[in-house]
2 protein chains.
Amino acid sequence: MSAIGFERHDHAGCIDDAMRQAESRCKADKLQFTPMRRRVFEILLEAHRAFGAYDILEVLVQDGHAAQPPTVYRALDFLLKAGLIHRIERLNAYAACALLDEHGHGAHDHVPAFLICRHCRSVAEAEGDLTISGLAEAAAATGFLVERQVVEAEGLCPACRKDPAAAEVAA
Amino acid sequence: MSAIGFERHDHAGCIDDAMRQAESRCKADKLQFTPMRRRVFEILLEAHRAFGAYDILEVLVQDGHAAQPPTVYRALDFLLKAGLIHRIERLNAYAACALLDEHGHGAHDHVPAFLICRHCRSVAEAEGDLTISGLAEAAAATGFLVERQVVEAEGLCPACRKDPAAAEVAA
DNA sequence: AGAAGGGTTGTTACAGTATAACATCTCATC
DNA sequence: GATGAGATGTTATACTGTAACAACCCTTCT
């Protein structure tokens, strides 16, 4: 597998790297990596685990910023669309992408698979086109104990594909 | 694959079957399949798609029952633990299990994989130990267009496995 | 019969997650 | 300096889920 997330690493270095990659990514795609978006991304990188929107909000407030929920959710939407972070459905939370490539692309061609610790909320991101049971086995090999798995594919069913009202692009 | 959910079928018949299987399952396991739990299960079977807790509540109220949220969530917890329904994380919603076996066991040994229509919220349940990309391909073969996939495994990370406080059984 | 106890449901209140709607600001461009 | 697009500020509210305690129903034991 090659799950990224639980092994020890140079934390300050990985934050710097990710930040630089995010910047070049946004620059290349003409996306505005504003101070607010940058700060939210940084908070997630520093946390190095899944953080809820209101956890992020709390940090912003500690920063001295009188932020409100929509501000955080907007930044999160931007980062999600840019492929810089992931939403962890199971936790209603967000985590910085651990697999940015050399161009700062987190918007992998692959589907991310996450290993989520229910105790400390740390998140590891596995790569590779594993089977469902293969993921659990690979996780076990790294010392992670899988207790529950979620596999969900969202899209359009055969009937709704024929419905023009449903055709609009997915958010 | 054999995704169950989008093809036409004898709806009244499948509800009756599922209900009978649920009853025998609960009887065998000495679980109380009370009128409230039975009704909530029935609502999900009739809906035949993902229903939020408050959607269910609304139906109960239309029934003339002055139900409150905890009543619905309790019934859902029971049905989840009994393996009769699934929670669809992506939608914060619930769907009756489509794969009860001849003994009324929905608590498969397999990990369920869901195909969720973002337009009509219908849910198909795929079986088999597919790879991530295999799921999308198999879905496409049935006419379902996958736009987004979620793979999440929840459990304990290597560090937290050593922490007694984390050892308590997952709910 | 009465007491005790486990499990289910009723009820009130509230916590946590997310968004609608509209105002304001900033900055590049014309 | 006017315009317009995108970003952020602000208020209010919707949606999802749970804590805590009371009441009820049954079974079991004495």
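For the structure, check the block above.
Let me sum up the structure you'll find in this document. (Residues numbered from 1 in each chain as written. Chains lettered and ligands numbered in written order. Predicted model: local features only at pLDDT ≥ 70, side-chain atom pairs only at ≥ 80, totals over all residues. Heavy atoms only, no water.)

### Overview of the protein's contact with DNA strand D
Every one of the 17 residues lining DNA strand D counts as a neighbour, but T34(A), R74(A), Y54(B), Y73(B) and R87(B) are closest to it. One of the side-chain N or O atoms of R74(B) is found 3.2 Å from a base nitrogen in DNA strand D. R87(B) is positioned such that a nitrogen or oxygen atom in its side chain is 2.6 Å from a phosphate oxygen of DNA strand D. Broken down by element, the residue count for the surface near DNA strand D peaks at four residues, all from helix α4 (residues 69-81) of chain B. The class makeup of the residues in the surface near DNA strand D is seven nonpolar, six polar and four charged. (Near = heavy atom within 4 Å. Polar contact = N/O pair within 3.5 Å; in protein donor to acceptor, adjacent residues only side chain to side chain. Helix = DSSP H or I, 4+ residues; strand = E, 2+ residues; numbered from the N terminus. Nonpolar A, V, L, I, M, F, W, Y, C, P; charged D, E, K, R; others polar.)

### Considerations on the pattern of salt bridges
For side chains of opposite charge, pairing can occur when their charged atoms come near one another. In this structure the tally under the stated criterion is 24 salt bridges over all chains. Taking the shortest distance from any N to any O, the salt bridge between E89(A) and R87(A) comes out at 3.1 Å. With a relative accessible area of 2%, E89(A) lands in the buried category. Between R90(B) and E154(A) there is a salt bridge, with the nearest N and O atoms lying 3.0 Å from each other. Note that R90(B) is positioned in the loop between β1 (85-88) and β2 (93-96) and E154(A) in strand β5 (residues 145-156), a pairing that runs across two chains. We classify E154(A) as buried; its relative accessible area is 12%. Ionic contacts of the salt-bridge type, sharing partners, join the residues R87(A), E89(A), E154(A), R90(B) and R148(B) into one network. (Salt bridge = Lys/Arg side-chain N within 4 Å of Asp/Glu carboxyl O. Buried < 20%, exposed > 50% of the residue type's maximum accessible area, 1.4 Å probe, protein only.)

### A few points about the pairing of strand β5 (residues 145-156) of chain B
Where strand β3 (residues 113-117) of chain A lies against β5(B), five bridges are found, and the strand directions are parallel. From the neighbouring strand, F114(A) faces β5(B), where its bridge partner is E152(B). Taken together, the 11 bridges between β5(A) and β5(B) define a ladder with antiparallel strand orientation. Paired with R148(A) across the bridge in β5(B) is E154(B). (Pairing = 2+ DSSP bridges.)

### Considerations on the interface of chain B and chain A
Taken together, the contact between chain B and chain A spans 49 residues of the former and 50 residues of the latter. Both faces combined, the contact of chain B with chain A buries some 4800 Å², and carbon together with sulfur accounts for 54% of it. Connecting chain B to chain A are six salt bridges. Linking chain B with chain A are 38 residue pairs in polar contact (both at pLDDT 80 or more). Breaking the side of chain B that touches chain A down by element, the ones donating at least two residues are β1, β3 (113-117), α5 (132-141), β5 and α6 (158-161) of chain B. (Contact = heavy atoms within 4.5 Å. Buried area = accessible area lost by both parts, 1.4 Å probe.)

### Points about the state of the cysteines
Under the criterion given, the structure shown has zero disulfides over all chains. Note on C117(B): no disulfide assigned, nearest cysteine sulfur contributed by C160(A) at a separation of 3.7 Å. Cysteine C120(B) is unpaired, with the sulfur of C117(B) as its nearest cysteine sulfur at 3.7 Å. (Disulfide = S-S within 2.5 Å.)

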